[in-house]
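Topology and contacts: notes
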Amino acid sequence: MAVDPRFFPAGVPLTLGEAAALAGGTLQGGDAALRITGVGPLGEAGPSDISFLHNRKALPLLAETRAAAVVLPPELLPRLPEGRVAIVTKDAYLGFGRIARALYPVPPVRPGVHATAHVDPAASLGAGVEVGPFAVIESGAEVGAGCIIGPHAVIGAGVVLGEGCRIGAHASISHCIAGRGVVLHPGARVGQEGFGFAVTPEGRFETMPQLGRVLLEDAVEIGANACVDRGSQSDTVLGAGTRLDNLVQIGHNVRTGKACVLVAHVGIAGSTRLGNGVQMGGQSGVAGHVEIGDRVQVAAQSGILSDVAAGEVVGGSPAWPMRETLRAFAALRRLAKPAAKPG
Amino acid sequence: MAVDPRFFPAGVPLTLGEAAALAGGTLQGGDAALRITGVGPLGEAGPSDISFLHNRKALPLLAETRAAAVVLPPELLPRLPEGRVAIVTKDAYLGFGRIARALYPVPPVRPGVHATAHVDPAASLGAGVEVGPFAVIESGAEVGAGCIIGPHAVIGAGVVLGEGCRIGAHASISHCIAGRGVVLHPGARVGQEGFGFAVTPEGRFETMPQLGRVLLEDAVEIGANACVDRGSQSDTVLGAGTRLDNLVQIGHNVRTGKACVLVAHVGIAGSTRLGNGVQMGGQSGVAGHVEIGDRVQVAAQSGILSDVAAGEVVGGSPAWPMRETLRAFAALRRLAKPAAKPG
Amino acid sequence: MAVDPRFFPAGVPLTLGEAAALAGGTLQGGDAALRITGVGPLGEAGPSDISFLHNRKALPLLAETRAAAVVLPPELLPRLPEGRVAIVTKDAYLGFGRIARALYPVPPVRPGVHATAHVDPAASLGAGVEVGPFAVIESGAEVGAGCIIGPHAVIGAGVVLGEGCRIGAHASISHCIAGRGVVLHPGARVGQEGFGFAVTPEGRFETMPQLGRVLLEDAVEIGANACVDRGSQSDTVLGAGTRLDNLVQIGHNVRTGKACVLVAHVGIAGSTRLGNGVQMGGQSGVAGHVEIGDRVQVAAQSGILSDVAAGEVVGGSPAWPMRETLRAFAALRRLAKPAAKPG
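Here we come to the interface of chain C and chain B. Contact with chain C, which involves 47 residues of that partner, is made by 47 residues of chain B. In terms of residue count, the dominant contributor to the side of chain C that touches chain B is helix α3 (residues 322-336) of chain C (five residues).

As structure tokens, this is what we get:
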């Protein structure tokens with residue numbers, strides 16, 4: 001079985017030729033008129049499914065697959081067994097994704113406000129907005145055309161959502177201006193008070209008023225149960241296209257550039273700035289008030305304590321240049337070898 | 001005070017003899033007819049409570065406890081002070097748990113759909129289901145007999161829940177087939193889109209359609225605010241009895257065997273597989289596309305980057321065999337000693 | 001722009017003299033009668049805003065700021081450029097916070113139960129309580145005067161909230177007795193079952209009844225999507241004033257002293273105790289059944305496996321005294337240097 005029709009209605013059929021065109025690739029063997037109805041991994045795909053191969057580990061499955069065709073990059077074409085059909089394209093993963101999207105389009109917006117939702121009379125909804133059961137849209141909020149507000153989502157007072165945003169079930173969003181096509185997955189928390197307080201002479205904590213906002217640029221995506229605190233005075237900003245995985249934490253006043261990728265459980269402390277295209281592995285973290293340059297790559301579980309120049313690859317806790325960290329691990333491992341028994 | 005009746009109604013009384021039988025143990029001293037009404041830790045239990053002892057650290061409390069009897073393993077019986085009463089059983093913790101459960105049974109299901117809940121006419125509810133305030137059950141969902149759907153929980157379109165599942169407050173579940181007795185604690189997120197996207201030649205991210213499901217086998221438990229993403233093409237699978245603690249992250253296409261235990265903040269990246277009985281300590285993580293064998297034990301905060309054979313015990317970040325990691329820490333600590341002052 | 005009026009209504013104006021008094025400071029230069037209407041960071045504040053400076057990094061901005069006055073500590077006063085106005089006070093951060101709070105008071109409680117909320121007839125609400133849309137207050141719960149219960153929050157059966165608590169959107173709280181002024185941020189989970197189970201001889205997991213409570217002392221704050229499990233037999237306790245950042249995990253039976261600070265993604269395993277004033281950096285963790293003394297400081301990403309004496313500063317995973325850990329890192333870094341080429 002490939003795709004379960006209980007969750008994804010039967011795909012929009014394509015011909016093999018159309019699929020190749022969508023993938024920006026060329027068909028090697030096969031009948032361009034063959035009807036394709038689904039997708040599946042190499043080991044599970046059926047004779048009217050398309051599959052893909054983009055790493056060598058899966059090569060052994062090429063001989064066995066029953067898929068109608070396999071999307072693969074030119075360098076793997078020589079490994080295609082006799083009689084198999086391929087769609088050859090430079091970026092097999094992207095190409096395959098476009099075929100899959102054509103077969104299984106994003107479900108259309110179902111415009112309308114569910115009878116159980118609570119929309120404040122002083123909120124404004126654009127054309128064709130879908131509002132789910134028990135959603136709350138507070139006073140002064142502006143929801144752009146074509147947005148989907150999921151069940152139980154709460155859109156706080158004054159929040160602005162651009163066109164085509166998707167807010168998942170149980171997400172909450174306050175003190176936020178969001179661009180177009182922003183996605184919040186279920187349970188995401190955006191705009192709550194940051195973790196800021198002063199200590200009184202008597203040793204009590206006194207909350208610092210958190211008077212900033214969250215700015216989410218176009219196409220930002222925020223994972224399930226991830227948290228983005230609003231700024232304390234200036235704003236917390238996520239640059240266009242930036243994607244946070246589940247359970248990520250973004251402190252107040254953090255700013256990221258465009259197209260950053262933060263994997264699950266990443267934590268960024270307050271006022272830190274990330275350049276464009278920064279990638280952080282799972283469970284890594286950055287201290288507060290640090291500058292991370294463009295395109296920096298951070299290994300999983302690393303801990304960054306000070307500025308990192310553009311283009312660097314860092315790892316370890318504390319994080320050092322990756323090459324140095326790898327040498328340190330190697331040296332440590334040598335030290336850990338049991339001493340040779342005297343002969 | 002032992003157990004607060006505001007939250008746990010007065011226990012179902014037992015005799016001491018019945019308690020010993022439930023624990024699979026034998027009574028040492030004491031009156032088998034004595035009436036037991038509660039449980040409590042050694043230092044807090046009263047004269048009609050049962051307590052337990054399963055590690056040596058708590059031995060000093062044995063002399064002081066006012067408990068009617070103490071459940072303990074045979075090897076600790078010689079330490080029982082004169083005149084104290086014990087229930088002796090090989091697994092004191094399990095035995096004590098069974099006594100506690102008999103005294104304080106799981107609250108019964110209260111069948112019925114709360115007036116404020118929203119159940120789609122095309123959803124089906126089994127016999128004796130309890131649906132809480134503001135819960136949402138979408139079209140095509142099938143809820144098995146005796147399930148409890150907590151307040152604000154959202155059961156997505158087409159989801160199947162076996163008999164006797166308990167879905168906590170604010171949990172959301174979509175694209176999922178669950179077996180019997182599955183438990184989601186409050187705020188758990190199951191079935192949302194995984195973190196998968198391709199990069200276009202222009203540098204934009206394009207979401208890969210996430211067309212798989214989540215399969216939760218019987219008796220799986222998922223902690224508060226934990227996240228389990230659905231598969232991208234194949235399924236994300238948690239094997240029977242597997243338990244996730246709070247705030248755990250499971251990426252798309254991950255598969256675990258039976259009876260795995262993942263402590264809080266664990267993260268498993270996409271397409272990784274765990275065998276049966278794998279145990280992972282808090283804040284540990286595994287990279288994507290890795291195979292972890294049966295019964296592997298992973299120390300807290302470890303980071304696994306490559307396959308681990310069945311039965312291994314690993315630790316550290318990056319994770320090595322535990323013995324080697326401990327030697328590395330010891331060597332490092334020696335290096336860290338201040339150099340001896342020249343004499 | 002300083003503060004966005006869409007989210008924070010125009011401030012309550014102050015004179016500069018009043019502001020200095022609120023900060024417990026003295027005005028250096030400037031007109032005590034000048035009208036102040038807002039706050040802002042040095043680089044963004046306008047001529048009727050107050051700003052502040054409490055670290056040397058921001059000194060270059062002092063010359064450029066357009067702020068009406070800058071709150072700063074006496075040791076930075078000599079750096080104030082000619083003609084600039086300062087409010088000089090020992091703790092600039094606290095002083096500035098008090099000015100900001102006076103300008104932007106916490107929004108007042110709007111007493112009343114929203115028409116869509118579900119309050120059980122056997123729950124009791126104190127005077128002036130605000131209950132938001134779709135909130136649920138279960139049987140026997142007691143909500144103190146002046147509490148704010150946010151949209152979709154669930155207050156479980158028998159829960160007691162002291163006066164002036166603020167429960168955020170989508171938070172859930174059960175089996176809990178909370179003091180005055182307790183704050184739960186959106187999606188916080190308090191009182192759910194802890195992660196406790198015994199293994200049967202057949203290898204199945206059997207849940208240990210979790211019969212304790214959560215006690216939250218006055219002014220405890222719990223971050224967005226953070227989790228606090230209830231005790232198994234005794235209680236889980238957070239001491240007065242303790243603050244948890246987002247996504248923190250507190251296991252069953254944990255007890256903290258007063259005024260502890262736990263940064264995002266911290267995890268504390270079951271039955272561990274923290275003294276007063278313990279501070280733990282982001283992504284750090286403590287094993288179960290450990291004692292951490294008063295005022296211990298724990299570096300980010302550290303892992304504590306055994307008891308730590310009062311006043312210690314520890315770091316690393318496993319955590320050692322910080323000085324030792326820093327020496328170990330330095331030694332490791334030397335080892336990682338490429339061997340000098342013979343020459």
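Structure shown, so let's carry the discussion forward.
Here we come to α3(C). If you check α3(C), its first and last C-alpha atoms are 21 Å apart, about what 15 residues at 1.5 Å a residue would give, namely 21 Å. Every buried residue of α3(C) is accounted for by C:Thr325, C:Ala328, C:Ala331, C:Leu332 and C:Ala336. The buried residues of α3(C) occupy one face: seen down the axis, they fall within an arc of 140°. Summarising the geometry of α3(C), the exposed residues directed more than 90 degrees from the buried face are C:Ala330 and C:Arg334. Of the surrounding secondary structure, the elements contacted by the buried residues of α3(C) are α3 (322-336) of chain A, α3 (322-336) of chain B together with β38 (313-315) and β39 (320-321) of chain C.

Before going further, it helps to spend a moment on the interface of chain B and chain A. Taken together, the 47 residues of chain B in the interface contact 47 residues of chain A. Contributing elements (two or more residues each) for the side of chain B that touches chain A: β22 (197-199), β23 (205-207) and α3 of chain B. Take the side of chain B that touches chain A: its biggest share by element is five residues, from α3(B). Classifying every residue of the side of chain B that touches chain A by side-chain character gives 19 nonpolar, 21 polar and seven charged.

What follows concerns the relation of the copies chain B and chain A. The transformation that overlays chain B on chain A combines an axial shift of 0.0 Å with a rotation of 120°, and the residual RMSD is 0.0 Å. Viewed as a symmetry operation, the transformation between the two copies matches a three-fold axis.

Residues and elements named next belong to chain C. A two-sided burial pattern is seen for strand β5 (residues 49-52), the buried positions comprising Asp49 and Ser51 on one face and Ile50 and Phe52 on the other. Summarising the sheet, strand β4 (residues 38-39) and β5 pair through two bridges and their orientation is parallel. Bridged to glycine 38 within β5 is aspartate 49. Here β5 runs beside strand β6 (residues 69-72); their pairing, made up of three bridges, is parallel. Among the inter-strand pairings, isoleucine 50 is bridged to a residue of β6, identified as alanine 69.

Further remarks concern the relation of the copies chain C and chain B. The transformation that overlays chain C on chain B combines an axial shift of 0.0 Å with a rotation of 120°, and the residual RMSD is 0.0 Å. Here only 19% of the contact residues of chain C are again contact residues in chain B; the copies associate through non-equivalent surfaces.

Here we come to the nonpolar core. Of all hydrophobic cores here, the largest spans 220 residues; its most connected members are A:Ile149, A:Ile155, B:Ile149, B:Ile155, C:Ile149 and C:Ile155. In this view, A:Ile155 contacts A:Val136, A:Ile137, A:Glu138, A:Ala141, A:Val143, A:Ile149, A:Ile167 and A:Ile173; residues no more than four positions away in its chain are not counted.

At a minimum axis separation of 8 Å, α3(B) and α3(C) run at an interaxial angle of 100°. Classed by the angle they form, the pair α3(B) and α3(C) counts as roughly perpendicular. When α3(B) is examined against α3(C), the residues B:Leu332, B:Arg333, B:Leu335 and B:Ala336 are found in contact with a partner set consisting of C:Glu324, C:Arg327, C:Ala328, C:Ala331 and C:Leu332.

Before going further, it helps to spend a moment on the sheet that holds strand β4 (residues 38-39) of chain A. Residue and element names in this part refer to chain A. Spatial ordering of the open sheet is given by β2-β7-β6-β5-β4, a layout of five strands whose pairing is mixed. Both outer strands of the open sheet, β2 (26-28) and β4, are each paired with one neighbouring strand and no more. Across three bridges, the pairing between β2 and strand β7 (residues 86-88) is antiparallel. Each residue of the ladder has a partner; that of threonine 26, found in β7, is valine 88.

Moving on, we get to the domain arrangement of chain A. Each assigned domain of chain A is listed here: domain 1 (14-103) and domain 2 (171-322). The gap between the C-alpha centroids of domain 1 of chain A and domain 2 of chain A is 38 Å.

Here is what the cut-offs are and how they apply
- Residues numbered from 1 in each chain as written.
- Chains lettered and ligands numbered in written order.
- Predicted model: local features only at pLDDT ≥ 70, side-chain atom pairs only at ≥ 80, totals over all residues.
- Contact = placed C-beta atoms within 7 Å.
- Helix = DSSP H or I, 4+ residues; strand = E, 2+ residues; numbered from the N terminus.
- Expected span 1.5 Å × (residues − 1).
- Buried ≥ 20, exposed ≤ 12 C-beta atoms within 10 Å, placed from the backbone.
- Arc of directions from axis to C-beta.
- Nonpolar A, V, L, I, M, F, W, Y, C, P; charged D, E, K, R; others polar.
- Least-squares fit on C-alpha atoms with pLDDT ≥ 70 in both.
- Pairing = 2+ DSSP bridges.
- Core = buried A, V, L, I, M, F, W, Y, C linked by C-beta atoms within 7 Å.
- Axes fitted to C-alpha atoms, helices over the stretch in contact; angles between N-to-C directions.
- Parallel < 35°, antiparallel > 145°, perpendicular 65-115°, else oblique.
- Domains from an automatic or database assignment.

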